[in-house]
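# A structural walkthrough
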Amino acid sequence: METPEGGSHPTGWERLIAAIERIGLKSLATGNFVWFVVLIIGGGCVWKLDTGDLKEVLLKVFATYGWLGYVVAGVAIFIAVRVLRWRERFYQQEMGRISEVRNQLVQAKIEFPIQSSVEKREEK
Amino acid sequence: MTNALFICLIVTAVGVPAYFLYWHLFRPVLLTRLKYRLYECRDNARILFLSDGFKEHPKAYPLLELFCNKSIAMVDEVDLADLICLKVDRTTVLKVERDFNIVANSSIPIRKIFIQWGITITGAVLANSPGFLIVLVPVFALSVTALWFTRVKRIVLEVIKRAAGAFYLKPC
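The following paragraphs examine the structure supplied in this document.

About the criteria used
Note on numbering: residues in each chain are counted from 1, in written sequence order. Chain letters start at A and ligand numbers start at 1, both assigned in the order the entries are written. Restriction of local features to residues with pLDDT of at least 70 applies here, the model being predicted, together with a cutoff of 80 or more for giving and counting side-chain atom pairs; totals for whole chains, interfaces and linings are based on all residues. Values shown for side chains rest on all heavy atoms present in the structure; no hydrogens or waters enter the calculation. Angles shown run from 0 to 180 degrees and are taken between the N-to-C directions of axes, each axis being a line fitted to C-alpha atoms and, for helices, limited to the stretch in contact. Secondary structure counts use DSSP, requiring at least four H or I residues in a row for a helix and at least two E residues in a row for a strand, with both numbered from the N terminus. If an angle is under 35 degrees, it is roughly parallel; if it is over 145, roughly antiparallel; if it lies from 65 to 115, roughly perpendicular; otherwise it is oblique. Rotating anticlockwise by less than a right angle from the far helix to the near helix defines a left-handed crossing, while the corresponding clockwise rotation defines a right-handed one. Any two residues whose heavy atoms approach within 4.5 Å are treated as being in contact. Residue polarity is assigned by list, with Asp, Glu, Lys and Arg as charged and Ala, Val, Leu, Ile, Met, Phe, Trp, Tyr, Cys and Pro as nonpolar; anything else, Gly included, falls into the polar class. Helix span, expected: 1.5 Å multiplied by one less than the number of residues in the helix. Throughout, exposure labels follow a simple rule: accessible area from a 1.4 Å probe, protein chains only, divided by the maximum for the residue type, with under 20% read as buried, over 50% as exposed, and the rest as partly exposed. Buried area: the sum, over both parts, of the accessible surface (1.4 Å probe) that disappears when the two are put together. A pairing counts as a salt bridge when a side-chain nitrogen of Lys or Arg comes within 4 Å of a carboxyl oxygen of Asp or Glu. For the purposes of these results, a polar contact is taken to be a pair of N or O atoms within 3.5 Å, where, inside protein, one atom must be able to donate a hydrogen and its partner to accept one; residues adjacent in sequence count only when each atom of the pair is a side-chain atom. Patch membership is restricted to residues that have no salt bridge and whose relative accessible area is over 30%. Joining uses 9 Å for like charges and 5 Å for the nonpolar side chains Val, Leu, Ile, Met, Phe, Trp and Tyr. For every accessible area listed, the method is Shrake-Rupley and the probe measures 1.4 Å; residues are considered covered only by the protein chains on display.

### Let's talk about the packing of helix α1 (residues 2-50) of chain B against helix α2 (residues 60-74) of chain B
Residues and elements named next belong to chain B. Their axes nearest at 10 Å, the elements α1 and α2 cross at an angle of 160°. Considering their axes alone, α1 and α2 lie roughly antiparallel with respect to each other. Between α1 and α2 lies a crossing of left-handed hand. Across the interface between the two elements, Lys35, Leu38, Tyr39, Cys41, Arg42, Ala45, Arg46 and Phe49 from α1 touch Tyr61, Leu64, Glu65, Cys68, Asn69, Ser71 and Ile72 from α2. Classifying every residue of the contact of α1 with α2 by side-chain character gives 9 nonpolar, 2 polar and 4 charged.

Structure follows, in structure tokens:
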């Protein structure tokens, strides 16, 4: 079957491959492929391990290394506070820059060469 | 196998907070910062235009305006997967080359604005694709040391041209 441009329509198989390719690239770009890998390896281990070993690993993680959760939470809160402070700082800087640009324009009594779409509509 | 499961659980326990912290806090704030920088680029270009800075290079101003406007529109979602996936035809690549040459042959302030724009949009693309960064940085370091700079530079320039072509083809 041909398209109006003269090319042929992709078959279902080709579209499926293109979709998988896109999902793969997207997960590679966002870094989400790490979760797939962890899920597959972890799932495989849980499936293959017997109950005793599973219990031992879970005890080791939650009882022996559980306290590390407090460290992770502390670091997360510290980073969050720093990021929010940074946001506040550069927001103030941007406001200062905007008022400076406005002052320059007012003092020189000139206007931007680009009209907004609203202004264009008003002129019409 | 117990060790593998142990590592998986630790990676999950540390990775989940890191994931949320990055995607829902750090990245939006970083993108806002980059957006402000793009506004600054556009304002600088406009002020330069008003002070007759584009008199000798009139073709450069619409290009800078277009680059900034397109970047502001797509800074939140543009990533390397988007730019690589899009098929770019030869005409667009030639158009990119021509436009880049126009800017490269213009005055120093115009080039400064262009470089600032380039750094900002590259930052946005990398912020939206941290996975590529994790995977590609070792590959890139190896290729620089193994193939040496000229060849890597040529490959990188070709990739940049293709990415810019994809950027051209995206709707504003």
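### Some words on helix α5 (residues 108-128) of chain B
The terminal C-alpha atoms of α5 of chain B, which comprises 21 residues, lie 30 Å apart, in line with the 30 Å expected from a rise of 1.5 Å per residue. For α5 of chain B, the complete set of buried residues consists of Ile110, Ile113, Phe114, Trp117, Gly118, Thr120, Ile121, Ala124, Val125, Ala127 and Asn128 of chain B.

### Observations concerning the interface of chain B and chain A
Taken residue by residue, the interface counts 43 residues in chain B and 44 residues in chain A. Between chain B and chain A the total buried area reaches about 3,900 Å² when both faces are included, carbon and sulfur atoms providing 81% of it. Inspection of the region where chain B meets chain A yields 2 salt bridges. For the salt bridge of Asp43 of chain B with Arg97 of chain A, the shortest nitrogen-to-oxygen distance reads 3.1 Å. Counting across the interface, chain B meets chain A through 4 residue pairs in polar contact (both at pLDDT 80 or more). Within the residue set of the side of chain B that touches chain A, elements represented by two or more residues are α1, α2, α3 (80-85) and α6 (130-169) of chain B. Across the side of chain B that touches chain A, the residue classes tally to 29 nonpolar, 7 polar and 7 charged.

### Thoughts on a nonpolar patch on the surface
Residue and element names in this part refer to chain A. Together, Tyr65, Trp67, Leu68, Tyr70, Val71, Val75, Phe78 and Ile79 make up a nonpolar patch on the protein surface, roughly 820 Å² of accessible area in all. Tracing the sequence through the fold places Tyr65 in the loop between α3 (51-64) and α4 (68-108). Judged by its relative accessible area of 33%, Tyr65 is partly exposed.

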